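# Results of the structural survey
The residues making up each chain are set out below.
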Amino acid sequence: MKDYLLLFRGDDTERLQLSPEEIQADMQRWQDWIAGIAQAGQFVGGEPLDPGGKVLHGVTKKLTDGPFMEGKEMLGGYLIIKARNIDEAVQLSQGCPMLASPTGSVEIRQINTMSNM
């Protein structure tokens, strides 16, 4: 089994318009999806990300506030899962609640170890 990083991107403005009940239902969908991956022994870890932060740039090491990008590109969180191959990682990603949004996406990347580079 290999480790895969799932990066969740989407427009947070939709979520900001939800009622407390809708937010709770959305959180339950996330918990159920992650629990299914965990029950299969394929969940490694993951967390939501704070929308703020800092960006360090190039050789000058200039520090700026950010990241700032279009709403549909906001990086909201990540999971690390175990899968036999990229196809299985994609299959596990199919149930992600992020995909219920027209602007939501899941980027799926294999995690390499330094010894594999």
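Presented here is an overview of the structure given in this document. (Residues numbered from 1 in each chain as written. Predicted model: local features only at pLDDT ≥ 70, side-chain atom pairs only at ≥ 80, totals over all residues. Heavy atoms only, no water.)

### What to know about the pairing of strand S1 (residues 2–10)
Put simply, the test is: Between any two strands, at least two bridges found by DSSP are needed for them to pair. Strands here mean DSSP runs of E at least two residues long; helices mean DSSP runs of H or I at least four residues long; both are numbered from the N terminus.
Here S1 pairs with strand S5 (residues 74–83) via nine bridges, running antiparallel. By the bridge assignment for S5, Arg9 is matched with Leu75. As paired strands, S1 and strand S6 (residues 105–110) are joined by six bridges and run antiparallel to one another. The partner of Phe8 across the bridge, within S6, is Val106.

### Examining the sheet that holds S5
Note the threshold: A fitted line through C-alpha atoms represents every axis, and for helices the fit uses only the stretch in contact; the resulting angles, taken between N-to-C directions, go from 0 to 180 degrees.
Strand order in the open sheet formed by four strands is S2-S5-S1-S6, with antiparallel pairing between adjacent strands. Strand pairing shows two members of the sheet lacking a second neighbour, strand S2 (43–48) and S6, which therefore form its edges. Sheet twist, expressed as the average angle between the axes of neighbouring strands with direction ignored, equals 15°. Where S2 lies against S5, five bridges are found, and the strand directions are antiparallel. Bridge pairing in S5 links Glu47 to Tyr78.

### Here we look at the nonpolar core
Note the cut-off: Only buried residues count toward a nonpolar core. Its members are Ala, Val, Leu, Ile, Met, Phe, Trp, Tyr and Cys residues joined through side-chain atoms within 4.5 Å. When a residue's accessible area, from a 1.4 Å probe over protein chains only, is under 20% of the maximum for its type it is buried; when over 50% it is exposed; and in between it is partly exposed. In what follows, a contact means two residues having at least one pair of non-hydrogen atoms within 4.5 Å.
In terms of nonpolar packing, the biggest core is built from 14 residues, with Leu6, Phe8, Trp30, Trp33, Leu79, Ile81 and Cys96 touching the most fellow members. Broken down by secondary-structure element, the contributors of at least two residues to this core are S1, helix H2 (20–39), S5 and helix H3 (86–93). Look past the residues within four positions of Ile81 in its chain and what remains in contact with it is Lys2, Asp3, Tyr4, Leu6, Ile37, Gln42, Val44, Ala89 and Leu92.

### What to know about the pattern of salt bridges
Our working rule: Salt bridge criterion: a side-chain nitrogen from Lys or Arg within 4 Å of a carboxyl oxygen from Asp or Glu.
Scanning all chains against the criterion turns up six salt bridges. Where Arg29 meets Asp26, a salt bridge forms, and the shortest distance between an N and an O atom there is 3.7 Å. Note that Arg29 and Asp26 are positioned in helix H2 at a spacing of three residues, about one turn of the helix. Taking the relative accessible area as the measure of exposure, Asp26 reaches 13% and is therefore buried.

### A short note on H2
Selection criterion: Multiplying 1.5 Å by the helix residue count minus one yields the expected span of that helix. Directions from the helix axis toward the C-beta atoms define the arc.
The terminal C-alpha atoms of H2 lie 28 Å apart, and with 20 residues this matches the ideal 28 Å at 1.5 Å per residue to within 8%. Residues of H2 that are buried include every one of Asp26, Trp30, Trp33 and Ile37, and no others. All buried residues of H2 fall inside an arc of 65° around its axis, so they share one side. Facing away from the buried surface of H2 by more than 90 degrees, the exposed residues are Pro20, Glu21 and Gln39. Against the buried residues of H2 lie S1, helix H1 (13–16), S2, S5 and H3. Immediately downstream of H2, the backbone of Gly41 shows phi near 75°, a positive value.

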